[in-house]
Amino acid sequence: MASLARLRELPKLTTRPVGRLHCDLDDWDFDPRYTDGACPICGWRPDYEAVPRPAWLETLDRVPWDYVSLGVVFCVLAALGVIVGLAAHINLATR
Ligand SMILES: [Zn+2]
């Protein structure tokens, strides 16, 4: 039954489909958000649990994004400091 329908718009990245689904039994497109995840005509449901989450997404979830963004802010502010220092003719190497 699950092979009769397919996801159309988004790749299978999440456990719950987003976007429109197509039911091949009755050739009907529907939005699972408004039909409680099932085809409104025949009641077919896609197999949510059979869609595995990719490994790169699991790795991405483990990255400490707050520290990464803090490092990016530090680098941007250091670059701005160098630009302002060059514009003000401040040479830190001779002092
Ligand atoms: Zn259907």
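Quick note: structure is the one above.
If you're wondering where the values come from, they're calculated on a predicted model, not measured in any experiment.

## Examining the overall build of the protein chain
Summing up its helical and strand segments, the protein chain has two helices and three strands in all. Shown N-terminal to C-terminal, the secondary structure of the protein chain runs as helices and strands in the order β-β-β-α-α. Within the protein chain, buried positions represent 20% of all 95 residues. Sequence separation of 24 or more characterises 25% of the internal contacts of the protein chain that already satisfy a separation of 6 or more. Summing over all exposed atoms, the protein chain offers an accessible surface of approximately 7500 Å²; the carbon and sulfur share of this is 64%.

## Some points on the coordination of the zinc ion
Protein ligation of the zinc ion involves Cys 23 (SG), Asp 26 (OD), Asp 26 (OD), Cys 39 (SG) and Cys 42 (SG), the donor distances falling in the range 2.3 to 2.8 Å. For the zinc ion, the donor residues sit on a single chain with the sequence spacing C-x2-D-x12-C-x2-C. Residue Asp 26 is located in the loop between strand S2 (21–23) and strand S3 (28–30), and its partner Cys 42 is located in the loop between S3 and helix H1 (55–61); the two are separated by 16 residues in the primary sequence.

## Overview of the side chain of Asp 31
With respect to the helices, strands and loops of the structure, Asp 31 is situated in the loop between S3 and H1. Given a relative accessible area of 11%, Asp 31 falls into the buried group. If near-sequence neighbours (up to four positions away) are discounted, Asp 31 is found in contact with Gly 19 and Arg 20.

## Looking at the nonpolar core
The biggest cluster of nonpolar side chains holds five residues, and these are Leu 21, Cys 23, Phe 30, Cys 39 and Trp 44. In contact with Cys 39, not counting residues within four places along its chain, are Cys 23, Asp 26, Phe 30 and Trp 44.

## A word on unusual backbone geometry
Phi is positive for Asp 36, close to 60°, though the residue is something other than glycine. Tracing the sequence through the fold places Asp 36 in the loop between S3 and H1. Phi at His 89 is positive, roughly 60°, even though this residue is not glycine.

## Focus on the environment of Gly 19
Assignment of secondary structure puts Gly 19 in the loop between strand S1 (6–7) and S2. Along the sequence, Gly 19 and Pro 32 sit 13 residues apart, while their C-alpha atoms lie 7.5 Å from each other.

What counts and what doesn't
- Residues numbered from 1 in each chain as written.
- Predicted model: local features only at pLDDT ≥ 70, side-chain atom pairs only at ≥ 80, totals over all residues.
- Heavy atoms only, no water.
- Helix = DSSP H or I, 4+ residues; strand = E, 2+ residues; numbered from the N terminus.
- Buried < 20%, exposed > 50% of the residue type's maximum accessible area, 1.4 Å probe, protein only.
- Contact = heavy atoms within 4.5 Å.
- Areas by Shrake-Rupley, 256 points an atom, 1.4 Å probe, with all protein chains shown as cover.
- Donors = N, O, S within 2.8 Å, 3.2 Å for Na, K, Ca; no water.
- Core = buried A, V, L, I, M, F, W, Y, C linked by side-chain atoms within 4.5 Å.

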